[in-house]
Amino acid sequence: MEESHILAHDAGSRQPTCIYRCGNGGVHVFYGYVNVGMPPEHFRRFKKAVDDVLTNITDPEWDGHVTLHYGTTSLVLSGREFVRFASTISEAAEALEVCKAGEENGQCGPEVLPDHIQDLVFQSYDRNRLN
């Protein structure tokens, strides 16, 4: 696998979410300005944890925040943002299975990571800018 492929993308959230598979086969969860890379098997476990939390916050009266942890990275999302994020994670997990099934013939995601997404994902770190 040489190119990065988008597994799922949601530009309508408060923070854009893009999950892609890099040319080395790793899965990257890009949320806002945070890019967390992990092996596919870790992503599958991450997706299961997201699903478990989602089942616990489906009450319409619930109005809290969700904190996600992976390694030393933590994301805090409002309940509404988390539901959108969870949907994008689920979509990416389905696309990852397509990648896994198509690895023999080099097929992966529905589209190659476009330049404008690559520019956002691979932007240089600016320690003077906070979001």
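Since this is a predicted model, take the numbers as computed values, not measurements.

## Overview of the overall build of the protein
Item 1. The secondary structure content of the protein amounts to three helices and seven strands.
Item 2. Secondary structure elements in the protein, listed N-terminal to C-terminal, are β-β-β-β-α-β-β-α-β-α.
Item 3. Counting the 131 residues in the protein, one finds 40% classified as buried.
Item 4. By sequence separation, contacts in the protein at least 24 residues apart represent 49% of the contacts at least 6 residues apart.

## Concerning empty space enclosed by the protein
Item 1. One pass over the full model with this rule turns up one cavity of 30 Å³ or more.
Item 2. Estimates place the volume of the largest cavity at around 80 Å³.
Item 3. When residues of the lining of the largest cavity are traced back to their parent elements, those giving at least two are β4 (34-38), β5 (65-70) and β6 (73-78).
Item 4. Across the lining of the largest cavity, the residue classes break down as seven nonpolar, three polar and no charged.

## Side note on the environment of Asn35
Item 1. By the element assignment, Asn35 lies in strand β4.
Item 2. By relative accessible area, Asn35 is classed as partly exposed at 29%.
Item 3. Between the C-alpha atoms of Asn35 and Thr73, which are 38 residues apart in sequence, the distance is 9.4 Å.
Item 4. Within the structure, Asn35 has its side chain in polar contact with the side chain of Tyr20 (distance 3.0 Å).

## Some words on the pattern of salt bridges
Item 1. Going through the model one piece at a time under the given rule, you end up with four salt bridges.
Item 2. Notably, a salt bridge pairs Glu97 with Arg44, separated by 2.8 Å at the nearest N-O pair. Of this pair, Glu97 sits in helix α2 (residues 79-102) while Arg44 is found in helix α1 (residues 40-56), placing the two residues 53 residues apart along the sequence.
Item 3. Measuring nitrogen to oxygen at the nearest pair gives 3.1 Å for the salt bridge that ties Asp52 to Lys48. Separated by four residues within a single helix, Asp52 and Lys48 lie in helix α1, roughly one turn from each other.

## Overview of the nonpolar core
Inside soluble globular proteins, nonpolar side chains tend to come together where they are buried.
Item 1. The biggest cluster of nonpolar side chains holds 25 residues, and the ones touching the most others in it are Leu7, Ile19, Phe43, Phe46, Leu68, Phe82 and Phe85.
Item 2. Broken down by secondary-structure element, the contributors of at least two residues to this core are β1 (5-10), β3 (27-31), β4, α1, β5, β6 and α2.
Item 3. Per-element tally for this core: the top contributor is α2, with nine residues.
Item 4. With near-sequence residues (within four places) excluded, Phe82 lies in contact with Val50, Val53, Leu54, Ile57, Val66, Leu68 and Leu77.
Item 5. Ile6, Cys18, Cys22 and Phe30 belong to the second largest nonpolar core, which has five residues in total.

## Some words on the pairing of β6
In summary, the side chains of a regular strand alternate between the two faces of the sheet.
Item 1. In the sheet, β5 pairs with β6 via six bridges, with the strands oriented antiparallel. Within β6, the residue paired with His69 across the bridge is Ser74.
Item 2. Between β5 and β6, which pair antiparallel one after the other, the connecting turn spans two residues, and Gly71 there sits at a positive phi close to 60°.

## With respect to the environment of Leu77
Item 1. Take Leu77: it is sitting in strand β6.
Item 2. Using a relative accessible area of 1% as the deciding quantity, one classes Leu77 as buried.
Item 3. C-alpha separation for the pair Leu77 and His65, spaced 12 residues apart in sequence, amounts to 5.5 Å.
Item 4. Discounting residues that sit within four places of it in the chain, Leu77 has contacts with Tyr31, His65, Val66, Leu68, Phe82 and Phe85.

Cut-offs used in this document
Throughout, a residue's number is its position along its own chain's written sequence, starting from 1. Confidence filtering applies because this is a predicted model: local features only for residues at pLDDT of at least 70, side-chain atom pairs given and counted only at 80 or more, and all residues used for totals across whole chains, interfaces and linings. Each side-chain value is worked out from all heavy atoms of the structure, with water and hydrogens disregarded. Runs of E in the DSSP output that reach at least two residues are strands. Runs of H or I that reach at least four are helices, and both are numbered from the N terminus. Per-residue accessibility, obtained with a 1.4 Å probe over protein chains only, is compared with the maximum for each type, and a residue is labelled buried under 20%, exposed over 50%, and partly exposed between these values. By definition in these notes, contact holds between two residues if any of their heavy atoms fall within 4.5 Å. Cavities and pockets are defined on a 1 Å grid built over the protein atoms alone: a cavity is a set of grid points where a 1.4 Å probe fits but cannot escape, while a pocket is an open set with protein on both sides within 12 Å along at least five of seven lines, and lining residues are those with an atom within 4 Å of any such point. Grid points are joined across faces, edges and corners, and a volume is the space filled by probe spheres set on the points. When residue character is reported, Ala, Val, Leu, Ile, Met, Phe, Trp, Tyr, Cys and Pro are called nonpolar, Asp, Glu, Lys and Arg charged, and the others, Gly included, polar. Between N or O atoms, a polar contact is any pair within 3.5 Å; within protein, one atom must be a potential hydrogen donor and the other a potential acceptor, and residues adjacent in sequence are included only when both atoms are from side chains. The term salt bridge refers to a pairing of a side-chain nitrogen on Lys or Arg with a carboxyl oxygen on Asp or Glu at a separation within 4 Å. Buried Ala, Val, Leu, Ile, Met, Phe, Trp, Tyr and Cys residues form a nonpolar core when they are joined through side-chain atoms within 4.5 Å. Here, strands pair whenever DSSP counts at least two bridges between them.

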